Structures are given as C-alpha cells and as structure tokens.
Amino acid sequence: MSAPIVQLSNVVKEYPLGHVTVTALDGVSLDIDAGDFITIAGPSGSGKTTILNMIGCVDVPTRGEVVVDGQPTRTLSDRALTSLRLHKLGFIFQSFNLIPVLSVAQNVEFPLLLQGHIGAAERKKRVAEMVEKVGLTPQSGQRPSELSGGQRQRVAIARALVTRPRIVMADEPTANLDSVTGQNIIELMRHLNETEQTTFIFSTHDPKVMAHAKRIVRIKDGKVEDDGRGNASNNQAAA
Amino acid sequence: MYFTIAVRNLLQAKRRTLLLSLAIGAVTMLLVLLQSLSQGLNETMIQAATTLSAGHVNVAGFFKSKPSDASPILSDAPPLRAILEKETPGLDYVIDRARGWGKIISDSGSVQSGLTGVNLAEERTLTKIVQMARENEYRDNGRDQVLGDINKLAEPGQLMLFAAQARKLNVTVGDQVTISIETIDGQTNTMSGTVCAIARDIGFMSGWSVFLNRSSLKSLYEQADTSTGALMVYLKPGYRGREKEVMDSLRGILESKGYTMMDHDPNPFWMKFDKVLAEDWIGQQIDLTTWEDEVSFLKWVLVALDSITFFLIAVLTFVIAVGIMNTVLMSVRERTREIGTVRAIGLSQSGVLTMFLLESLLLGLFATALGSALGASIAWLIDSSKVAITDDAIKTFVMSDTLHLSVLPQHVITAIIAFTFITGLSALWPALRASRMQPVTAMSSAT
Ligand SMILES: Nc1ncnc2c1ncn2[C@@H]1O[C@H](COP(=O)(O)OP(=O)(O)OP(=O)(O)O)[C@@H](O)[C@H]1O
Ligand SMILES: [Mg+2]
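Fair warning: this is a prediction, and the values are worked out from it, not measured in the lab.

A.B. asks: So what about the overall build of chain A? Which residues, and what values?
C.D. replies: Helix and strand counts for chain A come out as eight helices and 10 strands. For a compact globule of 239 residues, the expected C-alpha radius of gyration is about 18 Å, and chain A comes in at 18 Å, within 12% of that figure. For chain A, the spread of C-alpha atoms along the principal axes amounts to about 55 × 45 × 40 Å. Looking at chain A as a whole, 52% of its 239 residues are labelled buried. Charge separation in chain A, taken as the distance between the mean sites of 26 positive and 25 negative side-chain charges, equals 4 Å.

A.B. asks: Any chance you could break down the sheet that holds strand 7 (residues 167-171) of chain A for me, citing the residues and the numbers?
C.D. replies: Residues and elements named next belong to chain A. One open sheet holds the six strands; their spatial order is 6-7-8-3-9-10, and the pairing between them is mixed. A strand with exactly one partner marks an edge of an open sheet, and here the two such strands are strand 6 (89-92) and strand 10 (223-226). Pairs of neighbouring strands in the sheet enclose a mean axial angle of 25°, with direction left out of account. Bridge analysis of strand 3 (residues 37-41) against strand 9 (residues 215-220) gives four bridges, and the strand direction is parallel. Bridge pairing links Ala 41 to Arg 218 in strand 9. Across the sheet, helix 6 (residues 179-196) touches strand 3, strand 6, strand 7 and strand 8 (199-204), and the angle it forms with strand 8 is around 160°.

A.B. asks: Can you tell me about the pairing of strand 10 of chain A, naming the residues and giving the values?
C.D. replies: On any regular strand, side chains alternate: one points to one face of the sheet, the next to the other face. Residues and elements named next belong to chain A. With three bridges connecting them, strand 9 and strand 10 associate as antiparallel partners. Within strand 10, the position partnered with Lys 220 by the bridge is Lys 223. Connecting strand 9 to the next strand, strand 10, in antiparallel fashion are two residues, including Asp 221 with a positive phi near 50°.

A.B. asks: Help me get a handle on the confidence of the model for chain B, residues and values and all.
C.D. replies: All names here are of chain B. Per-residue pLDDT for chain B has a mean of 90; in total, 98% of the residues score no lower than 70. Of all secondary-structure elements in chain B, the lowest mean pLDDT belongs to helix 14 (residues 392-398), at 68, while strand 4 (residues 158-162) reaches the highest, 95. Interface confidence for the predicted complex, given as ipTM, is 0.92, next to a pTM of 0.78.

A.B. asks: Any details on the interface of chain B and chain A? Residues and values, ideally.
C.D. replies: With 20 residues of chain B at the contact, the number on the chain A side is 24 residues. Where chain B abuts chain A, roughly 2,100 Å² becomes buried across the two surfaces, and 64% of that area is made up of carbon and sulfur atoms. Run the count over chain B and chain A and you get one salt bridge. Here Asp 78 of chain A ties to Arg 343 of chain B by a salt bridge, and the two come within 2.9 Å at their closest N and O atoms. The interface formed by chain B and chain A includes 10 residue pairs in polar contact (both at pLDDT 80 or more). Secondary structure elements with two or more residues in the side of chain B that touches chain A: helix 1 (2-12), helix 12 (336-345) and helix 16 (439-444) of chain B. Counting residues per element, the side of chain B that touches chain A draws most heavily on helix 12 of chain B, which supplies seven residues.

A.B. asks: Residue-level account of helix 1 of chain B, with values.
C.D. replies: The complete set of buried residues in helix 1 of chain B reads Ile 5, Ala 6, Asn 9 and Leu 10 of chain B. The buried residues of helix 1 of chain B occupy an angular sector of 130° when projected down its axis, which confines them to one face. Of the exposed residues in helix 1 of chain B, those oriented more than 90 degrees away from the buried face are Leu 11 and Gln 12 of chain B. Taken together, the buried residues of helix 1 of chain B touch helix 3 (104-115) of chain A together with helix 2 (14-52), helix 12 and helix 13 (349-384) of chain B.

A.B. asks: Now, about the site of ligand 1: what can you tell me, with residues and values included?
C.D. replies: All names here are of chain A. The environment of ligand 1 is made up of 14 residues, and the closest members are Ser 44, Gly 45, Lys 48, Thr 49 and Thr 50. Between ligand 1 and Gly 45, the relevant distance is 2.8 Å, taken from an oxygen atom to a main-chain nitrogen or oxygen of the residue. Ser 46 places a main-chain nitrogen or oxygen 3.3 Å from an oxygen atom of ligand 1. Secondary-structure elements contributing two or more residues to the shell around ligand 1 are strand 1 (6-17), strand 2 (20-32) and helix 1 (48-55).

A.B. asks: How would you sum up the domain arrangement of chain B? Please name residues and give values.
C.D. replies: Domain parsing of chain B yields domain 1 (2-47 + 299-445) and domain 2 (56-294). On a C-alpha basis, the centres of domain 1 of chain B and domain 2 of chain B stand 47 Å from each other.

A.B. asks: Kindly report on the sheet that holds strand 5 (residues 71-72) of chain A, identifying the contributing residues and their values.
C.D. replies: Residues and elements named next belong to chain A. Spatially, 2-1-4-5 is the arrangement adopted by the four strands of the open sheet, whose pairing is antiparallel. Each edge of the open sheet is held by one strand with a lone partner, namely strand 2 and strand 5. Bridge analysis of strand 4 (residues 63-68) against strand 5 gives two bridges, and the strand direction is antiparallel. Along strand 5, the bridge assignment pairs Val 68 with Gln 71. Here helix 1 sits on the sheet and contacts strand 1, strand 2 and strand 4; the angle it forms with strand 1, its principal contact strand, is near 120°.

A.B. asks: Give me the pairing of strand 4 of chain B: which residues, what numbers.
C.D. replies: Residues and elements named next belong to chain B. Within strand 4, five of the five residues are buried, leaving the element largely enclosed by the surrounding structure. Along strand 4, one buried face is formed by Gln 158, Met 160 and Phe 162 and the opposite face, lined by Leu 159 and Leu 161, is buried too. Judged from the five bridges that link them, strand 4 and strand 6 (residues 188-199) form a sheet pairing that is parallel. Counted as the bridge partner of Met 160 is Ala 197 from strand 6. In the sheet, strand 4 pairs with strand 7 (residues 209-213) via two bridges, with the strands oriented antiparallel. Counted as the bridge partner of Leu 159 is Leu 212 from strand 7.

About the criteria used
- Residues numbered from 1 in each chain as written.
- Chains lettered and ligands numbered in written order.
- Predicted model: local features only at pLDDT ≥ 70, side-chain atom pairs only at ≥ 80, totals over all residues.
- Heavy atoms only, no water.
- Helix = DSSP H or I, 4+ residues; strand = E, 2+ residues; numbered from the N terminus.
- Rg over C-alpha atoms; globule rule 2.2 N^0.38 Å.
- Buried < 20%, exposed > 50% of the residue type's maximum accessible area, 1.4 Å probe, protein only.
- Lys, Arg positive; Asp, Glu negative; His and termini not counted.
- Charge placed at Lys NZ, Arg CZ, Asp CG, Glu CD.
- Pairing = 2+ DSSP bridges.
- Axes fitted to C-alpha atoms, helices over the stretch in contact; angles between N-to-C directions.
- Contact = heavy atoms within 4.5 Å.
- pLDDT = per-residue confidence, 0-100.
- Buried area = accessible area lost by both parts, 1.4 Å probe.
- Salt bridge = Lys/Arg side-chain N within 4 Å of Asp/Glu carboxyl O.
- Polar contact = N/O pair within 3.5 Å; in protein donor to acceptor, adjacent residues only side chain to side chain.
- Arc of directions from axis to C-beta.
- Near = heavy atom within 4 Å.
- Domains from an automatic or database assignment.

In structure tokens form, the structure reads like this:
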C-alpha cells in the first residue's frame, strides 16, 4: 500500500487565551489514505476545525508533525504553505465564503487564475465543465447573493475542485443547509470523490451526513477516540 | 481579475466610494485652481513687467565719470546692441529704451515717476498690450470713450500717462504738462509735453511709469544719442523660462569682448544706485538682469500665494490621508472573512496587498482625474469670463483688472499623479495589515 496522503503524528495545538493556554489538540496521530472519503466527528469544541486547519495548511501545529502530500508543514514558510494550498488542496466552508462581487463562473475561475500558468481557453473550458458537474450552468453568470444556500455550496465545491486538488477539506459543509439540501451536497461530494479520485476530509455533527463517509474518525477533547480503524490515540499512548 | 474585484468592490460600497472620491476630487480641484491662479499671476506679471520695464533679459549698467556719481546708462549702446543681435541664444529681437526719473507737473498737481523713452518704430508689444483707458476711468464726468492715440508717441514732445497718474494730475488727453528732471550734475531741466494717450493701469508698477518719445527724453537729459538706458532682449517662445541661462551665456560673451560686468544682483536697477555710488571705479560697467529680477519686489506675492497653497493643500491632504486610511481599515475589517477565504484558496500575501492597493489606486485615479478636470474647467471658465477685480489693493498686486487663471497640462498631470500616489500611500498600512492576516484568523472571524 502507498504512503498515506496525510499523516498526523502526536500533533498538539495550543492556543494562548489570556493567561491560560487552551489545548485544542492533545497528541493526535492519524493517517489518511489517498482517495478516502473521511469524516471527522465529535462534539462541539472537540477540535474538528483545528484538525482540518492543520491538514489544510492554514495553521501549523505547536508540537508534532503534520505531513501533507509528503511535505512536513511545521517548517514551511508562509509562501510555501500558500503554494501547497493553491496546488494540492481545496476548501469548502460552512458558510460558503464566496467572493460576493464575482459571478459564479468567476468564483470558480479564481483559483485557476491564481495558479497562473493556465491559458484563458483552457480555464474557460475547465470552469464550464466544473460548473456543469455541480449543475449550475444556467446560473453561471449570477452573483452569489442571487443563489440559494445549496447552490452557493455547489459553487464552493466547484471552486474547490476546479484545480484538481489532491485533498478537499470541508468543515461542516452542510451545517448551514436544510437536511435535504445537505444530503444532496454530500452525495455530490461523494460522487466527485468517486469520479475524480479526490480525497475528501469533512467534519460534521449530523449522523445522516456521517453515514455517507467511508471512514469515521471520532474525536473528543482534542484526542482521537476512534480513528475508524479500531485505534484510539489514548489506547496507543497507554500501550 | 484583481481589476474586476477592485472595480466591483468600489461599486458595491457606493456611499463610501462616493464620499472618498468627493474628498480626494475636491482637494485635487482646489490644487489645480490655486496653481492656475498662481500661474495666471505669474503670466500677468511677466507680461506687465516685460511691457513696462524689462525685456526677458536686460542689458543695462552704470556709467561713472567720477567715483562719487553714477548714471544708469549705457554710454555707447550701438556696438553692444550689434553683439546682442548677433550672439544672443534664442533671440527674438532687441529694443532700446532710454530711462530717467522726474516730475510731471500739471495745473493742479504733480507726480514723481520713472520716465521711459521709447522709439515706437521698434516697440513690438507695447502698443498691443497696453490698453487705453476711457476718459471716465480717470476723470469724474469723463466721456465713456477712449481718447488719444498711443502711436503719437512717435512724435517729439508726446507722452503717455497711466490712469492713476492722470487722475492725480487731473489731466486728459491733449492737455499740456511740464516734465522736470535733474541731470547728473544737479542741474534741473524742464520741457513741456502733450498727453497723447492715457492707458489703463497695469498694477502699481504703472503708477511709476510714464512713456515718452525717446529723442525728447534724450535731449531733456542732454545726452548723446548713442547712450541709452537699457537694451531689452526678448527671446523666442522656446527660450522662455530659460532667461537665466541666456543671461549667463551673455555674461560670458560680453566678458570675452572686454566689457566689465557687474556681479549679478537680482533687483531692479533703481535699487542699485546707492551701492554703485559707494563703489570706487570710473567708466562703464554692464549689469545683466532677467525680467524676474526687475520685478523681484513683487515676487513675494507669488511666494505668498504658493505658500498658502502649499499649507492649505498639505493640511487637507493630511486629513484626507487619515480618512482614506480609516476607510480602507474599515473595509479590511469588513472583508476579513473574504481575505481568509482567498488566502486559504491560495492567494499570496502580496496578492492581498495588491487587491487592496489596486482598489485605492483606482479610486484615487478616478477621483483625481475628475477633480482636476473640474478644476481646470472652472479655471478656464473664470479666465474666459474675464471676471473684474473690484478691490484696488488686489488689482495692484495682480497687475490686472481682470482675473487671469492659466491651467498648465503639467500641473494637472502632476496633481493627478501626486494625489493618486497619496491615496495609494494612505492605503498602504491597512493593506499591509490585511496581507499579514493569518488565513485561519481571517476565516474564523464572525459574519
Ligand atoms: N483561535 C483560538 N483561540 C483560542 N482557542 C481556540 C481557538 N480556536 C479554537 N480554540 C479552542 O480549541 C478547542 C477546539 O476548537 P475547534 O474549533 O477545533 O472545535 P470544533 O470541534 O470545531 O467545534 P465546533 O463543533 O463548535 O466547530 C475549543 O475549546 C476552542 O475553544
Ligand atoms: Mg468547528
């Protein structure tokens, strides 16, 4: 079996909060394989967002090692982390986070423009394809404010996938959607996971959403309770 | 795409954009207006000065027959004139004017004045620029018509007064006056003259100027015809603004021909008597000046106006810079989540910086272009509507009875570039703050 695309080993993340230090992650070790469709589950405040931030290279651990696609992130410069995010990662946010002044197609095109090396014709083609895949071709000229929540999240999915990233991070992608729409979004993600071979890592509270995952990692108080393969970090530490 | 984002964000925040544009545009407009006023004054001044008392470059000097006296004359003008006409860089033409100082006496009063003896045949701008006054401008119950004719100055015994002098002397065109002067030997000579024309005042300089026929003035002073007051050198349009340069090269040329040159003293000739009297030499020395030197005593008006402009604009600029900074800071705060999002997606720090700076620069460019266009139009409107100046003191200083404003393209362009740059500079700090935001902080912010 090939090396895991994401490796967390003994990751500790501490936040200074006034005079005290909040330990958001307390020795998390986790391997994620390429092509997986994995959910991070746990109660509020358990550290789901923090884990996704570590894997998504928007934050680095206080101690321990996070390796994304072969690169240990703790020692990377901001520039290198930015490049890693641009080329290897995609993001889907709980509240969609589209650029309000850009149209659907322009939002999807944005990361391709940042990559810089793709010609206008190729960009146009890829944007059109991606918008088509999420079923928004008729809306592609509209602004995000003219779309429903579910439609906006589809735009976000298209934006995350248009660069053909290795991993897509999604922090509670369905939390701001009604349950039927949420189900549709997860099904779309699952479909893209199958067809594009993209690794998806998402967090959720919702058991119905969780049910779509190939693997469920349960965390609590910054520790892995169940890594979906019958291991828990506490057990490992005790062993 | 940066451009699209910037433009659309500006359009999105309409109120804010409008307010800032108004402020930036207003200051730019003010700057363009004040500059055009200063430029207009400068142009009026050069025109008045070069008509009344100076060429672009003046070749004059003092002749001392003994160390204790000094005549403001060139004792042997023709060879000097020949050199100037041959060797002056950028020369348009040379004219020769005799100079004196004396008293004009009428039945009811007298005035002290500089006397300028002109050879009308070689004068080029005098008859065009000096405007004749209507009789009711210098005489109560005067006729509403121009009397007299400046061209009569070609005849001996004719003189031209300015309105303020005519009013003091209570004379009109055709009246006889007595001109009284004192020669270098202390002898008083007088002659009788006929007022052939009365001109509109050109600022307060004209109050000290009486023009008369050159040979009449020469014979009044009992001077040889080869001596004169000043050779005034006029330059071609391309050489305007390079008077100093031309003056310096003339200095070298004349020195090499054996003339003795006085050190450059940037003042009109009548301020130099005491100095020359105190000096211990005899013979002829040549004094070179530019038109600016000849009106140096008026320059403070321009300096004052420019200082006020600078101070006013500096204060307003500061206020606006703070305003811009604040606005961009607000916009950064509002768009924190957007910044986080684009950073997460892979926009670099410098990309964020570019995004915010571009927005401000576009706003600046738009506002300054509009503001300066408006300023230039207003200046043009004021200038072409020939607004009359009613206050006498102001009239005196601007040397004109209508307000003249002149917009130079380079002033407009400088204003646009400067204020766009200032807008960008004011946005720099908040933009840098935006770019240094951690993507995770930016993302987790509320709203
Ligand atoms: N920037 C921060 N500063 C201080 N404490 C933080 C910060 N971010 C997270 N924490 C703390 O770290 C812990 C884990 O937070 P995290 O957001 O990862 O939890 P979560 O599982 O995503 O919760 P939720 O389900 O509410 O989103 C919490 O106790 C939280 O208060
Ligand atoms: Mg969370």
